[in-house]
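Spelled out, the chains give:
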Amino acid sequence: MGKSRRPKKKRQISRKWSFDLAKLKDKSWLIILQGLGLTALIAFLFYRSVLGLLVGAIVIPFWNKLAMDEKQAKRKVSVMLEFKEYMMLIVAGLQTGYSLEKALMQSEVELKRLYSEESMLQPLVHVMNQKIGMNIQLEKAFLEFARAINIDEAISLAEIISFAKRSGGNYGKNIRDTAIKIEENLGVKQEIETITTEKRLELKVMCVMPLGILAYISLTSSSFIAPLYKNAVGVAIMTACLVAYGLLIMLGRRIIEIDV
């Protein structure tokens, strides 16, 4: 009898399956330092006290959320654009006679060539293809991939693929239609971005102006606003102004945001 062999360990997926756009938390040191600087500025302008730095408990998370929302929106557009290119690569593979499984594998290689190390989609595509290689159903792996990137069109396509795998269907047409729809969606988003660029700039100026005016008065006519500091009533008034200031910033951002 030959030597007994130990059972082989299951092949491990090299990357974690995690890419929820709603949970992107790229907390860079730059954003944290900006929040600390803003806290110090507010503590001086609104309270003229070291204790005013305690307002950082609210200001820093508020600033972090604004920065994260902006980054998240930019990343989502980038992922949608990359996903559209990925769909077109799959269509090209299907048109050359590849099966859907083979087209997905080949598209991963082409996607890596297009975006190199900057690709946000390629690691997830790699995980999906690894799952398919481990005999997980293609439609299930693609659905998990679609939910991970959190794009409605990708989830719809996953459902179409699942239905087509059961009853038969034209993968190429379905994927091509999805890519065209995403391209149209991106075109509309770009037009809206162009139209609202001026308004976004105006909003940024309007957000900075109150601090600029308060700083100017503090430097040139400090006695004019001196009664607002070092007393309970003044602190209450300045706190109310700060809260209203933050709420108006949020309102302004909501007004210029247009979802497609």
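Residues numbered from 1 in each chain as written. Predicted model: local features only at pLDDT ≥ 70, side-chain atom pairs only at ≥ 80, totals over all residues. Heavy atoms only, no water.

What follows concerns the packing of aromatic side chains. By the definition in use, this model includes 3 aromatic pairs. Taking the centre distance of 6.4 Å and the plane angle of 35 degrees together, the rings of Phe83 and Phe145 count as tilted. One end of the pair, Phe83, is in helix H2 (residues 56-95); the other, Phe145, is in helix H5 (residues 138-149), and 62 residues separate them in sequence. Classification of Phe83 as buried rests on a relative accessible area of 0%. By relative accessible area, Phe145 is classed as buried at 0%. (Phe/Tyr/Trp six-rings, centres within 6.5 Å; stacked < 30°, edge-to-face > 60°. Helix = DSSP H or I, 4+ residues; strand = E, 2+ residues; numbered from the N terminus. Buried < 20%, exposed > 50% of the residue type's maximum accessible area, 1.4 Å probe, protein only.)

A word on the side chain of Thr39. Position of Thr39 among the secondary structure elements: in helix H1 (residues 29-47). Ignoring sequence-local partners within four residues, the contact set of Thr39 consists of Leu53, Val55, Gly56, Val59 and Ile60. (Contact = heavy atoms within 4.5 Å.)

Turning next to the nonpolar core. The biggest cluster of nonpolar side chains holds 33 residues, and the ones touching the most others in it are Phe83, Tyr86 and Phe145. Of all elements in the fold, only H2, helix H3 (100-115), helix H4 (122-133), H5, helix H6 (152-167) and helix H7 (171-220) reach the threshold of two or more residues within this core. The dominant element in this core, judged by the number of residues it contributes, is H2, at 8 residues. Setting aside residues up to four positions removed in sequence, Tyr86 forms contacts with Leu104, Ser107, Glu108, Leu111, Leu121, Val125, Met128 and Phe145. If you look at the next biggest cluster of nonpolar residues, it comprises 18 residues, including Ile42, Val55, Leu214 and Ile225. (Core = buried A, V, L, I, M, F, W, Y, C linked by side-chain atoms within 4.5 Å.)

Attention now goes to the pattern of salt bridges. Overall, the coordinates contain 5 salt bridges when judged by the stated rule. Here Glu110 makes a salt bridge to Arg113, at a shortest N to O gap of 3.2 Å. Taken together, the residues Glu110 and Arg113, both in helix H3 and 3 residues apart, mark about one turn of the helix. For Glu144, the salt bridge identified is with Lys131, shortest N-O distance 2.5 Å. Residue Glu144 is found in helix H5, and its partner Lys131 is found in helix H4; the two are separated by 13 residues along the sequence. Using a relative accessible area of 23% as the deciding quantity, one classes Glu144 as partly exposed. (Salt bridge = Lys/Arg side-chain N within 4 Å of Asp/Glu carboxyl O.)

Looking now at unusual backbone geometry. Peptide bonds are, in most cases, trans, and in most cases residues other than glycine have a negative phi. Phi angles above zero are rare outside glycine, and Arg48 is one such case at about 50 degrees. Considering the arrangement of structural elements, one finds Arg48 in the loop between H1 and H2. With a phi close to 65 degrees, Lys230 is a non-glycine residue in the positive phi region. Topologically, Lys230 is positioned in the loop between helix H8 (222-225) and helix H9 (232-256). Take Lys230: its relative accessible area is 68%, and that puts it in the exposed class.

The next thing to look at is a nonpolar patch on the surface. On the surface, a nonpolar cluster with roughly 450 Å² of combined accessible area is contributed by Trp29, Ile32, Leu33 and Leu36. Looking at the element boundaries, Leu36 is found in helix H1. (Patch = residues over 30% accessible without salt bridge, like charges linked within 9 Å, V, L, I, M, F, W, Y side chains within 5 Å. Areas by Shrake-Rupley, 256 points an atom, 1.4 Å probe, with all protein chains shown as cover.)

Taking 1.5 Å of rise per residue, the 25 residues of H9 would be expected to cover 36 Å, and the 37 Å separating its terminal C-alpha atoms lies within 8% of that figure. Listing the buried residues of H9 in full gives Gly234, Met238, Leu242, Tyr245, Gly246, Ile249, Gly252, Arg253 and Ile256. The N-terminus of H9 is capped by Asn231, whose side-chain oxygen sits 3.3 Å from the backbone nitrogen of Val233. (Expected span 1.5 Å × (residues − 1). Polar contact = N/O pair within 3.5 Å; in protein donor to acceptor, adjacent residues only side chain to side chain.)

What follows concerns the layout of surface pockets. One water molecule sets the probe size; rolling that probe over the atoms shows where empty space is left. Space inside the second largest pocket adds up to approximately 260 Å³. Lining the second largest pocket are 13 residues, and of these Leu203, Met206, Cys207, Leu248 and Gly252 lie nearest its centre. Elements with a minimum of two residues in the lining of the second largest pocket: H7 and H9. With 7 residues, H9 is the single largest residue contributor to the lining of the second largest pocket. Here the residues of the lining of the second largest pocket sort into 10 nonpolar, 1 polar and 2 charged. (1 Å grid on protein atoms, 1.4 Å probe; cavity = no way out; pocket = protein on both sides within 12 Å on 5 of 7 lines; lining within 4 Å. Points joined across faces, edges and corners; volume = space filled by probe spheres on them. Nonpolar A, V, L, I, M, F, W, Y, C, P; charged D, E, K, R; others polar.)

By themselves, these observations are geometric and do not establish any function.
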